[in-house]
Amino acid sequence: MNSQTIQQAFGNLQPREKYFVSAGAMLVVIAAVYLAFLPLSEKHSRLVDQHSKLQADLTWLQAQAATVPRLVNSCSGRELSAGMDRDVITKLVKRSQLRVDNVSETASGIALRFNGSDANRMVRLAHQISCEGFAVLSFEFSAKAKDLKTVGSSSALASTYVGMMEVQRVN
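In this text the structure is predicted, and so the values were computed from the model without any measurement. (Residues numbered from 1 in each chain as written. Predicted model: local features only at pLDDT ≥ 70, side-chain atom pairs only at ≥ 80, totals over all residues. Heavy atoms only, no water.)

1. Details of the overall build of the chain
We count it as follows: Elements are defined by DSSP. Helices are runs of H or I of four residues or more, strands are runs of E of two residues or more, and each kind is numbered from the N terminus. Note on classification: 1.4 Å probe, protein chains only; a residue is buried when its accessible area is under 20% of the maximum for its type, exposed when over 50%, partly exposed between these limits. Contacts are assigned to residue pairs with any non-hydrogen atoms lying within 4.5 Å of each other. Each accessible area value is a Shrake-Rupley result obtained with a 1.4 Å probe; residue values ignore everything except the protein chains displayed when judging cover.
When you go through the chain residue by residue, the secondary structure sums to four helices and four strands. Reading the chain from its N end, one meets helices and strands in the order α-α-α-β-β-α-β-β. Burial status across the chain gives 16% buried among its 171 residues. The long-range share in the chain, meaning contacts at least 24 apart out of those at least 6 apart in sequence, stands at 54%. Of the roughly 12900 Å² of accessible surface on the chain, 58% is carried by carbon and sulfur atoms.

Here you go:
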């Protein structure tokens, strides 16, 4: 259909039919404009809401700025961060006076097994690993009793702790 055919068909209509066709065409144009701008209006309202939330967060952060200098990290500094992650973790385990059983890389990070005679050292190891830029994903340790020596009918028991930890480098 070309424009002359449409004009001829429109010209052959009665006046009241021309009125209805014109009114319908105007409604179609108005609906098309409305539907074209509706997604923009919704996006604008979402952005206004997000802006107000971010503005509130910024105001809160500015109010907290005075407390930031008082917060102190107990990490002494990243001394071992140079080198391979496995080497860094192995050094930390040895520095904590624990024995390394196994250090292996997994899909989510690095898994390590270690043992020692002091559970507190194992907890400090988790802290030191965190200070070196690793996230501790899982941490378990358990006591394992072993016979030191049997004297007569009584025996002395010593506890050895076995630990497992899974860590991941934090960027």
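Okay, back to it.
2. Comments concerning the packing of aromatic side chains
Quick reminder of the rule: Each Phe, Tyr or Trp ring (for Trp, its six-membered ring) is paired with any other whose centre lies within 6.5 Å, and the angle between the two planes then decides the class: stacked below 30 degrees, edge-to-face above 60, tilted in between.
Evaluated as defined, the whole model comprises three aromatic pairs. When the ring of Phe 139 is compared with that of Phe 141, the centres are 5.6 Å apart and the planes differ by 40°; the resulting orientation is tilted. On the basis of relative accessibility, which here comes to 29%, the residue Phe 139 falls in the partly exposed class. In textbook terms, an aromatic cluster arises when at least three aromatic residues are bridged by ring pairs, as seen for Phe 139, Phe 141 and Tyr 161.

3. Re the pairing of strand β2 (residues 110–116)
To keep things clear, this is the line we draw: Here, strands pair whenever DSSP counts at least two bridges between them.
Judged by how many residues are buried, β2 sits mostly within the fold: five of seven residues are covered. Note that strand β1 (residues 99–105) and β2 share six bridges and pair antiparallel. In the sheet register, Ser 104 faces β2, and the bridge partner there is Ala 111. Here β1 hands over to β2 after four residues, the two strands then running antiparallel side by side.

4. Description of the pattern of salt bridges
Our working rule: What counts as a salt bridge is simple: a side-chain nitrogen of Lys or Arg found within 4 Å of a carboxyl oxygen of Asp or Glu.
For the structure shown, the criterion picks out two salt bridges. Its salt-bridge partner being Asp 85, residue Arg 169 comes within 2.8 Å of it at the nearest N-O pair. Here Arg 169 is found in strand β4 (residues 154–169), whereas its partner Asp 85 is found in helix α3 (residues 85–95), with 84 residues between them in sequence. One salt bridge connects Asp 118 with Arg 121, and the closest N-O pair in it is separated by 3.8 Å.

5. Here's the deal with the nonpolar core
Selection criterion: Put simply, a nonpolar core is a bunch of buried Ala, Val, Leu, Ile, Met, Phe, Trp, Tyr and Cys residues held in one set by side-chain atoms that sit within 4.5 Å of each other.
Formed by 16 residues in total, the largest nonpolar core has its most connected members in Ile 89, Leu 112, Phe 114, Leu 125, Ile 129, Met 165 and Val 167. Looking at this core, the elements with two or more residues in it are α3, β2, α4 (119–131) and β4.

6. With respect to the side chain of Asn 115
Here is the rule we go by: Each polar contact in these results corresponds to two N or O atoms within 3.5 Å; when the atoms are within protein, one needs to be able to donate a hydrogen and the other to accept it, and residues that are neighboring in sequence are counted only if both atoms are side-chain atoms.
With respect to the helices and strands, the residue Asn 115 is situated in strand β2. The class for Asn 115 is buried, based on a relative accessible area of 13%. Only 2.7 Å separates the side chain of Asn 115 from the side chain of Asp 101, close enough to count as a polar contact. When residues no more than four places from it in sequence are discounted, the contact partners of Asn 115 are Leu 98, Arg 99, Asp 101, Met 122, Thr 160, Tyr 161 and Val 162.

7. Describing the confidence of the model for the chain
The predicted coordinates ought not to be read in detail in places where the model reports low pLDDT. Inclusion rule: pLDDT expresses how confident the predictor is about each individual residue, on a scale running from 0 to 100.
Averaged over all residues, the pLDDT of the chain is 85; the fraction at 70 or higher stands at 85%. The lowest-confidence element of the chain is strand β3 (residues 134–151), averaging 76 in pLDDT; the highest-confidence one is helix α2 (residues 15–64), averaging 93.

8. Here's the deal with the environment of Leu 112
Mapped onto the secondary structure, Leu 112 falls in strand β2. Ignoring anything within four residues of it in the chain, the contact list for Leu 112 reads Ile 89, Val 93, Asn 102, Val 103, Gly 163, Met 164, Met 165 and Val 167.

9. Quick notes on the environment of Cys 75
Relative to the assigned elements, Cys 75 resides in the loop between α2 and α3. Remark: the alpha-carbon pair of Cys 75 and Glu 132, spanning 57 residues in sequence, is separated by 8.4 Å. When near neighbours in sequence (up to four residues on either side) are disregarded, Cys 75 contacts His 127 and Cys 131.

10. Points about α4
Defined as follows: The span expected for a helix works out to 1.5 Å for each residue beyond the first.
Along its 13 residues, α4 runs 19 Å from first to last C-alpha, staying within 8% of the 18 Å computed at 1.5 Å per residue. Taken as a whole, α4 has its buried residues at Ala 119, Met 122, Leu 125, Ala 126, Ile 129 and Cys 131. By the N-cap criterion, in which a side-chain oxygen at the helix start approaches the backbone nitrogen of a residue two or three places on, α4 is capped by Asp 118, the distance to Asn 120 being 3.1 Å. Note on α4: the residue one or two positions beyond its end, Gly 133, has a positive phi of about 95°.

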